[in-house]
Amino acid sequence: MNPEIRVRFAPSPTGYLHVGGARTALFNWLYARHHGGKFVLRIEDTDKARNTQEAVQVILDGLRWLGLDWDEGPEVGGAHGPYFQSQREDIYETYFQKLLASGHLYEDGGAWRFRSLREIVVVDDIVCGRIEFDLSNPETHPDMTIRRPDGSWIFHFVNVVDDIEMGITHVIRGEDHLSNTPKHLELFKALGCQPPSYAHIPLILNKDGSKMSKRDAGASITGYIEAGYTPGALRNYLSLLGWSPKDNRELLELEETVNLFDLSKVNRKNAHFDLDKCLWLNTQHLTKLPLERFREMCLPFIKKAGIAFGQPEALDPVLAIVREKVKLCSEIPAWISYFFTEDYTFDPEAARKAFASPVVLERLTALVAAFDSVPEWSAASAEAALKHTAAELGAKPNELLLPTRVSVSGRPSGPNLFPMLEILGQKRTVARLRNAITTHAQA
Ligand code: GLU
């Protein structure tokens, strides 16, 4: 039997979770779940200055929101902890002593350097293939520092020690770490340990080919949470940054992705970030969500907007008719607010257009009478009444649509008119039309 697959995501807490980091976490998680292995979360917080509880929390929250649960790590525990590098001092000291005793280290101005083995190191990468790194020249490849004069540790050393101690079998990380890998392999060799397999996944670049920075739109996972993306859509999008199921499909559910994912299908080419595609995937995922889950996703935005909706279930009929119109849950309050208050405002531009012609008020007055006498109010009966009124007035039904919509919602656009009138109900529809007539007659 093969040994259990163990992968890890090893972020440094910088204060935010970058899409690149989230994609690395996702690929590790998918690999673990596909193979029934373990996904470990390790916080690489040796940089004390930047290391805060909030910075770690952003990462944990982001991963949880994305649904990337870890089998070992912070707040979960496990047999290979602690999972914060800042708490693993003793372990590093032991490995340091091992390297010291075997003659691999020397002091240099208070810092400790690793004496390179001066060999050609071969990285046999699952994604990038076989690459030879010639480390024989000290001019181009000076001995790496592993410990600073103040006693703190350098990334390469603690990263390798932890991968050994945590029994990591596969290191899946960004291609920006490929050039570090020969150094890491030297450390494994000096410590007499079998290195893990490596898979360096392609960089994520902006559409124009520039390197993605922290400030670029779409760079931070918090931004997606705040905009009201669904975790499923973002996961779907991130999975396609450097991987594809090879059958041109793009809209994928998580279960399928877990089934199909493998490192052999990761591309070598850089991935290009495309926020429009991400948004498109979000609309696709939104329409597929069960209504209850959609409501749950929208609720924080609705509450924040101060909409008085009563019981959450009262939102459902409204959400059902507007959801195909929105790309993000953060757009929801603007689409639904007028359903829940009589104190809605009229978009001035829309009102000017809708009430421009003097005959409009007369027509609306006729429509009010017709609506008022509909025996059983529904989308269909409201539509029939409007068509009938239009015919009687010698107008086209279309000419009544915009004035009606603006009257009852204050807005030039929204969900389909008749379902919207059904939800508003007969009384409110009639009252709102009367109110709009009075308001615009005075104007
Ligand atoms: N802390 C490193 C980073 O955030 C981890 C690199 C690795 O995965 O080995 O880039």
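The structure we're discussing is the one just above.
Predicted model only: the values in this text are computed from it and were never measured.

S.K.: Could you give me a rundown of the sheet that holds strand S4 (residues 111-114), with the residues and numbers involved?
M.R.: A sheet is described by the order of its strands in space; here 3 strands give the open sequence S3-S4-S7, paired in antiparallel fashion. Both edges of this open sheet fall to strand S3 (105-108) and strand S7 (145-147), since each of them pairs with a single strand only. In this sheet, neighbouring strand axes are inclined to one another by 45° on average, regardless of whether the strands run parallel or antiparallel. In this structure, S4 lies alongside S7, joined through 2 bridges in antiparallel fashion. Bridge pairing links Arg 113 to Thr 145 in S7. Each of S3, S4 and S7 is contacted by helix H3 (residues 89-101), which is oriented at about 130° to S7, the strand it contacts most.

S.K.: Talk me through the site of the ligand; I want residue IDs and the actual numbers.
M.R.: As a structural note, the neighbourhood of the ligand is formed by Arg 8, Ala 10, Ser 12, Glu 44, Phe 155, Asn 159, Arg 173 and His 177. One of the side-chain N or O atoms of Asn 159 is found 3.0 Å from an oxygen atom in the ligand. Between the ligand and Arg 173, the relevant distance is 2.7 Å, taken from an oxygen atom to a side-chain nitrogen or oxygen of the residue. Protein burial of the ligand: of its 300 Å² of free accessible surface, 80% is covered by the chains. Taking a 2 Å distance to the grid points as the criterion, the majority of the atoms of the ligand fall inside the largest pocket. Taken together, the residues that form the shell around the ligand break down as 2 nonpolar, 3 polar and 3 charged.

S.K.: Lay out the pairing of strand S5 (residues 120-125) in plain terms, naming residues and giving numbers.
M.R.: Only one face of S5 is buried: it carries Val 121, Val 123 and Asp 125, and the other face, with Ile 120, Val 122 and Asp 124, is open. Of the strand pairs in this sheet, S5 and strand S6 (residues 129-134) are connected by 6 bridges, and their pairing is antiparallel. Bridge pairing links Val 122 to Glu 132 in S6. Adjacent in sequence and paired antiparallel, S5 and S6 are bridged by 3 residues.

S.K.: A description of the packing of aromatic side chains should follow, citing residues and the corresponding values.
M.R.: Any aromatic ring pair is given by two values, namely how distant the centres are and how the planes are angled relative to each other. Counted under the stated rule, the structure contains 11 aromatic pairs. Aromatic side chains Phe 27 and Phe 261 sit 5.2 Å apart centroid to centroid with 65° between the ring planes, which places their arrangement in the edge-to-face category. In this pair, Phe 27 sits in helix H1 (residues 19-35) while Phe 261 sits in the loop between helix H8 (254-260) and strand S11 (271-272), placing the two residues 234 residues apart along the sequence. Each member of the pair, Phe 27 as well as Phe 261, carries the same accessibility label: buried. Centroid distance Phe 371 to Trp 377: 5.2 Å. Interplanar angle 85°. Geometry classified as edge-to-face. In this structure, Arg 23 is placed above the aromatic ring of Phe 27, and the distance from its NZ or CZ to the ring centre is 5.4 Å.

Criteria and cut-off values
- Every chain's residues receive numbers from 1 upward, in the order its sequence appears when written.
- Totals for whole chains, interfaces and linings use all residues, but because this is a predicted model, local features are given only for residues with pLDDT of at least 70 and pairs of side-chain atoms are given and counted only at 80 or more.
- As a convention, hydrogens and water are excluded, and side-chain values are obtained from all of the structure's heavy atoms.
- Two strands are counted as paired when DSSP detects at least two bridges linking them.
- Counting from the N terminus, the helices are the DSSP runs of H or I reaching at least four residues and the strands are the DSSP runs of E reaching at least two.
- Here the axes come from fitting lines to C-alpha atoms, over the contacting stretch only for helices, and the angles between their N-to-C directions go from 0 to 180 degrees.
- Any two residues whose heavy atoms approach within 4.5 Å at even a single point are treated as in contact.
- A cutoff of 4 Å decides nearness: a residue is near a molecule or strand if any of its heavy atoms lies inside that distance of it.
- Pairs of N or O atoms within 3.5 Å make up the polar contacts considered here, provided that, within protein, one atom can donate a hydrogen while the other can accept it, and that residues adjacent in sequence are counted only when both atoms are side-chain atoms.
- Per-residue accessibility takes into account occlusion by the displayed protein chains alone, with areas from the Shrake-Rupley method and a 1.4 Å probe.
- Method remark: on a 1 Å grid restricted to protein atoms, a set of points is classed as a cavity if a 1.4 Å probe fits but cannot get out and as a pocket if it is open with protein on both sides within 12 Å along at least five of seven lines; lining residues have an atom within 4 Å of a point.
- In this scheme, a molecule is assigned to a cavity or pocket if more than half of its atoms are within 2 Å of the grid points.
- Classification convention: Asp, Glu, Lys, Arg as charged; Ala, Val, Leu, Ile, Met, Phe, Trp, Tyr, Cys, Pro as nonpolar; all other residues, Gly among them, as polar.
- Here the term buried applies to any residue with accessible area under 20% of the maximum for its type, exposed to any over 50%, and partly exposed to those in between, with areas from a 1.4 Å probe on protein chains only.
- Aromatic contacts are taken between Phe, Tyr and Trp rings whose centres are within 6.5 Å, Trp giving its six-membered ring; a plane angle under 30 degrees counts as stacked, one over 60 as edge-to-face, and the others as tilted.
- Both a distance and an angle decide whether a charge sits over a ring: NZ of Lys or CZ of Arg must be within 6 Å of the ring centre and within 35 degrees of the ring normal.

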